[in-house]
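# Results of the structural survey
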Amino acid sequence: MGTKVKIMNIDSGNSKSLQEDEIKMEKTDDLDKLKIRLPDKDSSEDLDHQQENKDVKIKVEDLDFYYDDFQALYKNNLEIYSRKVSAIIGPSGCGKSTHLRVYNRIYELYRNQAAKGKVFLDGKNILDKSMDLMDLRRRVGMIFQKPTPFPMSVFDNVAYGLKLHYSLNRSQLEAKVEESLKLSALWDEVKDDLDKSANSLSGGQQQRLCIARAIALEPEVLLMDEPTSAIDPVATAKIEELIEQLKGQYTIVIVTHNMQQAARVSDYTAFFFKGYIVEFGKTDKMFTNPQKKKTEEYITGRFG
Amino acid sequence: MKKRSPLTRLVIDKIIKSLSIIAAIAGILILLIIIKDIFFKGINAIGFDFFTNNMRPPGVAGGGVKNAIYGTLMITLVSTLIGVPVGMMAGVYLSEYGRNTRFGKIIRFSLNIMMGIPSIIIGIFFFSIMIIPLGHGSGYVGAFALSVIMIPIITKTTEEMLKLTPDSLRESALALGIPKWKMIISILFRSSKSGLLTGILLAVARVSGETAPLIFTARYSQYWPDDLNRETANLTMTIYNYAGQPFDSMVETAWGAALLVMGAVLLLTIISRFIVSHGN
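A short tour of the structure in this document, coming up. These numbers come from a predicted model, not from an experiment. (Residues numbered from 1 in each chain as written. Chains lettered and ligands numbered in written order. Predicted model: local features only at pLDDT ≥ 70, side-chain atom pairs only at ≥ 80, totals over all residues.)

Here we take up the overall build of chain A. For chain A, the helix and strand inventory stands at twelve helices and ten strands. Per-residue burial for chain A yields a buried fraction of 39% across its 304 residues. (Helix = DSSP H or I, 4+ residues; strand = E, 2+ residues; numbered from the N terminus. Buried ≥ 20, exposed ≤ 12 C-beta atoms within 10 Å, placed from the backbone.)

A few words on the nonpolar core. With 133 residues, the main nonpolar core has Tyr103, Leu223, Val253, Ile254 and Phe272 of chain A together with Ala257 of chain B as its most contacted residues. In this structure Ile254 of chain A touches Val85, Ala87, Met224, Pro227, Ile243, Val265 and Ser266 of chain A, once residues within four positions along its chain are discounted. (Core = buried A, V, L, I, M, F, W, Y, C linked by C-beta atoms within 7 Å. Contact = placed C-beta atoms within 7 Å.)

All names here are of chain A. Sheet architecture is open: four strands sit in the order β2-β1-β4-β5, paired in antiparallel fashion. Looking along the sheet, the strands with just one partner apiece sit at the ends: β2 (70-81) and β5 (124-125). In terms of strand pairing, strand β4 (residues 113-121) meets β5 through two bridges, oriented antiparallel. Bridge pairing links Phe120 to Asn125 in β5. (Pairing = 2+ DSSP bridges.)

This part takes up the interface of chain B and chain A. Each side of the interface is counted separately: chain B has 16 residues, and chain A has 21 residues. Counting only elements with at least two residues in the side of chain B that touches chain A, the list comes to α7 (167-175) and α8 (180-191) of chain B. For the side of chain B that touches chain A, the element with the highest residue contribution is α7 of chain B, accounting for eight residues.

This part is about the environment of Glu61 of chain A. Residues and elements named next belong to chain A. Relative to the helices and strands, Glu61 resides in strand β1 (residues 56-67). Here the alpha-carbon distance between Glu61 and Lys238, two residues 177 residues apart in the chain, equals 34 Å. When residues no more than four places from it in sequence are discounted, the contact partners of Glu61 are Asn77, Gly117 and Lys118.

On to unusual backbone geometry. All names here are of chain A. At Asp62, a residue that is not glycine, the phi angle is positive and equals roughly 45 degrees. Examined against the element boundaries, Asp62 turns out to sit in strand β1. A tally of 12 C-beta atoms within 10 Å means that Asp62 is categorised as exposed. One non-glycine residue, Glu218, lies in positive phi territory at about 50 degrees.

What follows concerns the pairing of strand β10 (residues 276-282) of chain A. Within a regular strand, side chains alternate between the sheet's two faces. All names here are of chain A. Extensive coverage of β10 is indicated by the burial of five of its seven residues. Two elements, strand β9 (residues 268-273) and β10, share six bridges in a ladder whose sense is antiparallel. Counted as the bridge partner of Tyr268 is Lys282 from β10.

Once that is clear, we can look at the sheet that holds β10 of chain A. All names here are of chain A. With mixed pairing, six strands are arranged side by side in an open sheet as β6-β7-β8-β3-β9-β10. With partners counted over all chains shown, the strands left at the sheet margins are β6 (140-143) and β10, one partner each. On average, adjacent strands in this sheet sit at an angle of 15 degrees to one another, irrespective of strand direction. By the bridge criterion, four bridges tie strand β3 (residues 85-89) to β9 in an arrangement that is parallel. What sits directly across from Ala87, in β9, is Thr269. (Axes fitted to C-alpha atoms, helices over the stretch in contact; angles between N-to-C directions.)

The subject of this paragraph is the environment of Phe39 of chain B. Residues and elements named next belong to chain B. Structurally, the position occupied by Phe39 is in helix α1 (residues 7-42). Among the residues examined, Phe39 registers 14 C-beta atoms within 10 Å and is labelled partly exposed. Along the sequence, Phe39 and Trp255 sit 216 residues apart, while their C-alpha atoms lie 8.3 Å from each other.

Residue and element names in this part refer to chain A. Counting buried residues along strand β8 (residues 251-255), five of its five residues qualify, which places the element largely inside the surrounding structure. Burial of the side chains of β8 extends over both faces: Thr251, Val253 and Val255 are buried on one face and Ile252 and Ile254 on the other. Of the strand pairs in this sheet, β3 and β8 are connected by four bridges, and their pairing is parallel. Bridging from a neighbouring strand, Val85 pairs with Ile252 of β8. Tracing the backbone out of strand β7 (residues 221-225), into helix α9 (residues 233-246) and back to the parallel element β8 gives a crossover that is right-handed. (Right-handed = clockwise from strand over helix to strand, strands pointing away.)

Let us now look at the packing of helix α3 (residues 66-97) of chain B against helix α9 (residues 193-208) of chain B. Helix packing for two helices is described by the angle between their axes and how far apart those axes are. All names here are of chain B. Direction vectors running N to C along α3 and α9 enclose 135 degrees, while the axes themselves pass 10 Å from each other. Between α3 and α9, the angle falls in the class oblique. Like other packed secondary-structure pairs, α3 and α9 cross with a definite hand, here right-handed. Each of Thr72, Thr76, Ser79, Thr80, Gly83 and Val84 in α3 lies in contact with α9, whose residues at this interface are Ile200, Ala203, Val204, Val207 and Ser208. Of the residues that constitute the contact of α3 with α9, the class distribution is five nonpolar, six polar and no charged. (Parallel < 35°, antiparallel > 145°, perpendicular 65-115°, else oblique. Left-handed = near helix turned anticlockwise from the far one by under 90°. Nonpolar A, V, L, I, M, F, W, Y, C, P; charged D, E, K, R; others polar.)

This is how it looks when you write it as structure tokens:
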């Protein structure tokens with residue numbers, strides 16, 4: 001009973017703060033149009049950020065998610081800003097991955113999973129039946145927890161999706177594969193064995209191969225579901241470096257267990273708890289001055 | 001408290017252990033005896049003539065089973081051409097589309113029943129629906145009957161093998177915008193290809209040794225099978241017919257055919273074992 005009440009409190013608090021955020025966003029939009037610069041109620045250093053952030057890449061509205069009869073997400077509202085890294089944190093089983101897996105509708109592989117609500121990608125609801133799934137997934141790439149190389153050569157792993165979505169001749173294909181492997185910082189390690197089976201690479205290399213495979217399609221959004229939880233610290237550092245490099249080009253959403261990682265790589269952070277989004281905001285602010293008690297308790301390690 | 005003596009426990013342990021060892025040895029021993037028996041009785045029949053000549057009329061010396069070898073190969077080939085695609089597609093349905101569905105459960109249950117149907121009943125079934133209207137034996141109908149035996153075996157192995165591939169592989173393929181059918185063929189089939197191939201080989205091995213479905217369908221012929229839509233010579237029916245004949249040469253030919261069939265099945269099984277252990 002006690003926990004239930006707590007959840008309700010979190011929920012009502014959450015939706016209120018998000019509404020405030022939205023109102024704030026609209027305000028800045030209007031101001032930009034009028035070319036009037038008024039000091040924001042937050043500190044002035046935030047102003048620059050908010051101006052470049054004004055385009056929302058993904059807007060989640062009242063998202064509920066079900067595993068059969070079990071509801072895993074409640075009324076999630078969230079905005080993912082273009083060309084920024086947004087981190088999703090929270091204790092195990094809070095719905096972080098579930099939430100992320102709606103963005104490319106990968107959950108539909110399983111018959112017992114269902115999403116209700118709206119998720120807008122550039123203003124278009126991706127949960128609409130009319131959405132072209134192949135195109136959605138080309139635009140929204142995903143990196144998973146465990147590296148999953150396809151049972152084929154390193155080259156073919158990257159070329160496979162490319163050939164499917166784009167018509168390229170051999171030299172264009174080779175150039176694109178090379179470019180993607182360079183971007184994912186794997187090229188120097190594999191350039192001499194592109195024909196080798198991808199399974200022979202190390203775990204960290206395999207994960208960077210999966211990133212190369214995803215970015216080869218030139219997606220607009222890159223979803224990362226705990227991309228470093230199955231690999232060693234050195235490889236993790238490489239991937240975090242990579243995220244840093246990629247964020248100029250891609251909108252990145254990363255689910256992570258590791259709060260230090262969220263603090264290191266992300267610009268914005270959403271804190272999930274029991275299927276609710278408790279708090280969302282700029283990462284540095286969230287980690288230094290969280291607005292909600294639950295967030296503070298989690299990031300200071302009192303639970304989770 | 002008086003402690004129980006460990007003696008009874010140890011004795012029972014020894015007895016159970018010995019009994020199971022004896023049972024295991026008996027299994028191997030019977031196999032070895034069968035192989036030895038067929039080998040020594042059949043090896044004399046196998047020579048150059050055995051593979052290059054057709055059957056001769058009863059009582060006429062010489063002759064081989066070239067026509068029966070060809071017939072068996074053709075019947076097995078046709079049944080494989082039907083059984084493999086149908087079986088694999090059904091397996092794909094069960095694993096990738098109908099998993100956890102009511103319809104999938106019904107199919108899986110029916111397949112289990114189908115596997116338990118005695119093969120002679122499948123033979124009689126095809127006899128009544130196809131051979132009677134046709135008015136004569138047919139190698140094709142024999143192949144249909146064999147493919148019916150093959151389909152549930154291949155469906156089951158395909159389903160099992162595909163289920164062994166992790167969901168993360170499916171997800172990462174679909175997340176690249178790869179359509180599901182393509183994901184199944186180019187990713188799942190590829191990652192489980194040794195298992196799938198093994199399943200096919202074992203199913204082929206299983207049906208190539210079947211006799212009962214052919215008694216009423218392909219029947220038997222001592223001529224070269226020009227037309228598979230007529231009575232078709234085949235090895236297992238040759239064994240069945242020749243073994244009971246009064247002529248020694250025919251009985252010997254039956255042993256030779258038995259050795260050939262057994263050798264082929266053994267070879268297929270060994271190849272499939274090899275693929276399993278050296279796969280991928």
